[in-house]
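Each chain is listed here by its residues.
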Amino acid sequence: MYNILVCDDDKEIVRAIEIYLLGEKYNVLKAYDGQQAIEILEKNEIHLLLIDVMMPVLDGIRATLKIREKSGIPIIILSAKSEDNDKILGLNIGADDYITKPFNPMEMLARVKAQLRRYTVFGSVGKETSDDVYKAGDLVIDDTVKEVTVMGEPVKLTPIEYNILKLLVKNKGRVFSIKEIYESIWKEEALSADNTVAVHISHIREKIEINPKEPRYLKVVWGVGYKIENLD
């Protein structure tokens, strides 16, 4: 059974989300500010976090930043704001997805399930893994242990970052459009996906490139998409 932590200062919203999650047989833990969420994460095995942005004591932005220092669990941001800048901010601080309030409960459940599937494949939550190792020069992905190294040094990626990088490295030299990347990773139709993919690509570059502004591995093909350079 998956443990899902729901964090929002509005107790009615927390309760409503809890009802739908319990209906899917998830175990639900509750917090009402970012500090409470961090304390619960330190004491329990949590598989996914739903966290609001605007909260007292410690807001969702700062809480996510602190959580990302130690954990790669899927994080879905809940926000009453719909502007693109707020969505990008959520992704920039390490969140995997966002849901704009008010949201459709069925969409919320679909996003939760999608993130848990990716986390299960990426992490060590009881799934078998393959023995494949993918390389592009000094960039190596060992899919058996879900480990990425660059010049022998380990690189810490979120589940979505890992899956994007693996897609590109497995098909090095091939250019993937934003639509292809989004639909391959998120398993849903790419609607306004440009910012979402671009933010994750930027994060990957920051982690694998010596100079992200002059990337050696992850290249953009302007007007087309992204590729991993074939350095072998």
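What counts and what doesn't
Residues numbered from 1 in each chain as written. Predicted model: local features only at pLDDT ≥ 70, side-chain atom pairs only at ≥ 80, totals over all residues. Heavy atoms only, no water. Buried < 20%, exposed > 50% of the residue type's maximum accessible area, 1.4 Å probe, protein only. Helix = DSSP H or I, 4+ residues; strand = E, 2+ residues; numbered from the N terminus. Pairing = 2+ DSSP bridges. Axes fitted to C-alpha atoms, helices over the stretch in contact; angles between N-to-C directions. Contact = heavy atoms within 4.5 Å. Core = buried A, V, L, I, M, F, W, Y, C linked by side-chain atoms within 4.5 Å. Salt bridge = Lys/Arg side-chain N within 4 Å of Asp/Glu carboxyl O.

Draft legend 1. Region of interest: the pairing of strand 6 (residues 133-136). Burial along strand 6 is one-sided: Tyr-134 and Ala-136 are buried, and none of Val-133 and Lys-135, which face the opposite way, are. Pairing of strand 6 with strand 7 (residues 139-142), which is carried by 4 bridges, proceeds in the antiparallel orientation. Bridge pairing in strand 7 places Lys-135 opposite Val-140. The turn linking strand 6 back onto strand 7 is made up of 2 residues, and Gly-137 within it adopts a positive phi angle of 65°.

Draft legend 2. Representation of the sheet that holds strand 7 in the model. The strand order 6-7-8-9 describes an open sheet built from 4 strands, whose pairing is antiparallel. Each edge of the open sheet is held by one strand with a lone partner, namely strand 6 and strand 9 (153-155). Put simply, the sheet's adjacent strands are angled 25° from each other on average, direction ignored. When strand 7 meets strand 8 (residues 147-150), the two strands line up antiparallel, connected through 4 bridges. When the sheet's bridge partners are listed, Ile-141 is paired in strand 8 with Val-148. Along the sheet, helix 6 (residues 159-170) makes contact with strand 6, strand 7 and strand 8, crossing strand 7 at roughly 110°.

Draft legend 3. Highlighting the nonpolar core. Grouped together as the largest cluster of nonpolar side chains are 31 residues, with contacts concentrated most on Leu-139, Ile-164, Leu-165, Ile-181, Ile-208 and Ile-228. Of all the secondary structure elements, the ones that give two or more residues to this core are strand 6, strand 7, strand 8, helix 6, helix 7 (178-186), helix 8 (194-208) and strand 11 (225-228). If you tally residues by element for this core, the top one is helix 6, at 7 residues. Ignoring sequence-local partners within four residues, the contact set of Ile-164 consists of Ile-181, Ile-185, Trp-186, His-200, Ile-201 and Ile-204.

Draft legend 4. Highlighting the pattern of salt bridges. One pass over the full model with this rule turns up 18 salt bridges. In this structure, Glu-107 engages Arg-111 in a salt bridge whose closest nitrogen and oxygen atoms are separated by 2.9 Å. In this pair, Glu-107 and Arg-111 are both assigned in helix 5 (residues 105-122), 4 residues apart and thus about one turn of the helix distant. A salt bridge links Glu-229 to Lys-219; the nearest nitrogen and oxygen atoms lie 3.0 Å apart. A residue pair is termed long-range when its members are at least 10 positions apart, and Glu-229 in the segment after strand 11 and Lys-219 in strand 10 (residues 218-221) qualify at 10 residues.

Draft legend 5. Molecular detail of the sheet that holds strand 5 (residues 97-100). Pairing is parallel in the open sheet, where 5 strands are placed in the order 2-1-3-4-5. Sheet topology places strand 2 (27-31) and strand 5 at the edges, where each strand pairs with a single neighbour. The average undirected angle you get between the axes of adjacent strands in this sheet is 20°. As judged from the 5 bridges shared by strand 1 (residues 3-7) and strand 2, these two strands associate in the parallel manner. Across the sheet, Leu-5 pairs through a bridge with Leu-29, a residue of strand 2. Relative to strand 2, helix 1 (residues 11-23) is tilted by about 170°, and along the sheet it contacts strand 1, strand 2, strand 3 (48-52) and strand 4 (75-79).

Draft legend 6. Representation of the side chain of Gln-115. Tracing the sequence through the fold places Gln-115 in helix 5. If we ignore the near neighbours within four places in the chain, the residues touching Gln-115 are Leu-48, Pro-74, Ile-76, Asp-96, Asp-97, Ile-160 and Trp-186.

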